[in-house]
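The lines below spell out each chain.
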Amino acid sequence: AAPSNTLPHKNARWIWNIAGANRSAPPGTIYLRKEISLDNVTTGEAILTCDNAFVLYVNGKRAARSEEWGKPVTVDLKPYLVSNTVNVLAVEATNTTNSPSPAGFFLAGKIVHRKIGNNPPIELASDKTWRCSDKPAPGWQTAVFNSSTWAAAVELGDEKLAPWNLTETLSAGRVTSAASSKTEPRSALCTA
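Before going into details, it helps to say that this report is about the structure given with it. These numbers were taken from a predicted model, which means no experiment stands behind them.

Reading the values: rules and limits
Residues numbered from 1 in each chain as written. Predicted model: local features only at pLDDT ≥ 70, side-chain atom pairs only at ≥ 80, totals over all residues. Heavy atoms only, no water. Pairing = 2+ DSSP bridges. Helix = DSSP H or I, 4+ residues; strand = E, 2+ residues; numbered from the N terminus. Salt bridge = Lys/Arg side-chain N within 4 Å of Asp/Glu carboxyl O. Buried < 20%, exposed > 50% of the residue type's maximum accessible area, 1.4 Å probe, protein only.

## A look at the pairing of strand β2 (residues 28-38)
Remark: a regular strand shows side chains that alternate across the two faces of the sheet.
Thinking step 1. Strand direction decides the pairing type here: β2 and strand β7 (residues 85-95), joined by 11 bridges, are antiparallel. Paired with Gly-28 across the two strands is Asn-95, which belongs to β7.
Thinking step 2. Across three bridges, β2 lies against strand β10 (residues 131-133) in antiparallel orientation. Following the sheet pairing, Leu-32 is matched in β10 by Cys-132.

Given below as structure tokens:
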């Protein structure tokens, strides 16, 4: 796979379910989805982060998680993608603080797929085409789930957006691999 710092991220936006979340959002979890129709999948990779924590599901399977927004995670999507059908990226994004604070989710990546001819790579980018809800529903992480009643995600800004400013982190390739970031939840996040 290509080094993560070469992934396209110019079209990716920080997103959340409310405007101004980069300044303040209530604590809690939101649910995000993006459906993608794919032909014959060759490769797929994404880089993502969330203030404060996320779990990424691809077609219902857990593919990555992190609790450190300052260290974006790269994930090889290919093992989770299915050729010649609709695929879904689903994210549980949590603002883990006890009081309102900045919250946002950011994803950039690409999937290479082809039919008999060559299809251009699909650029993955968190933006207003993602669907969001503040309540999960049975099967929300799967492609068969109908998210038409979910709202459009709210675009907060590009990778330079404060308070996160990912520009330097992404260009320097300062990211961790999902394979090495399977951390257990901090005790502060566990139910007593």
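## Comments concerning the pattern of salt bridges
Thinking step 1. Across all of its chains, the model carries seven salt bridges by this definition.
Thinking step 2. Between Arg-65 and Glu-67 there is a salt bridge, with the nearest N and O atoms lying 2.8 Å from each other.
Thinking step 3. We classify Arg-65 as buried; its relative accessible area is 14%.
Thinking step 4. With its nearest N and O atoms 3.5 Å apart, the salt bridge here joins Lys-71 to Glu-68.
Thinking step 5. The class of Lys-71 is partly exposed, set by a relative accessible area of 42%.
Thinking step 6. Within the structure, one salt-bridge network assembled from shared partners comprises Lys-10, Asp-158, Glu-159 and Lys-160.

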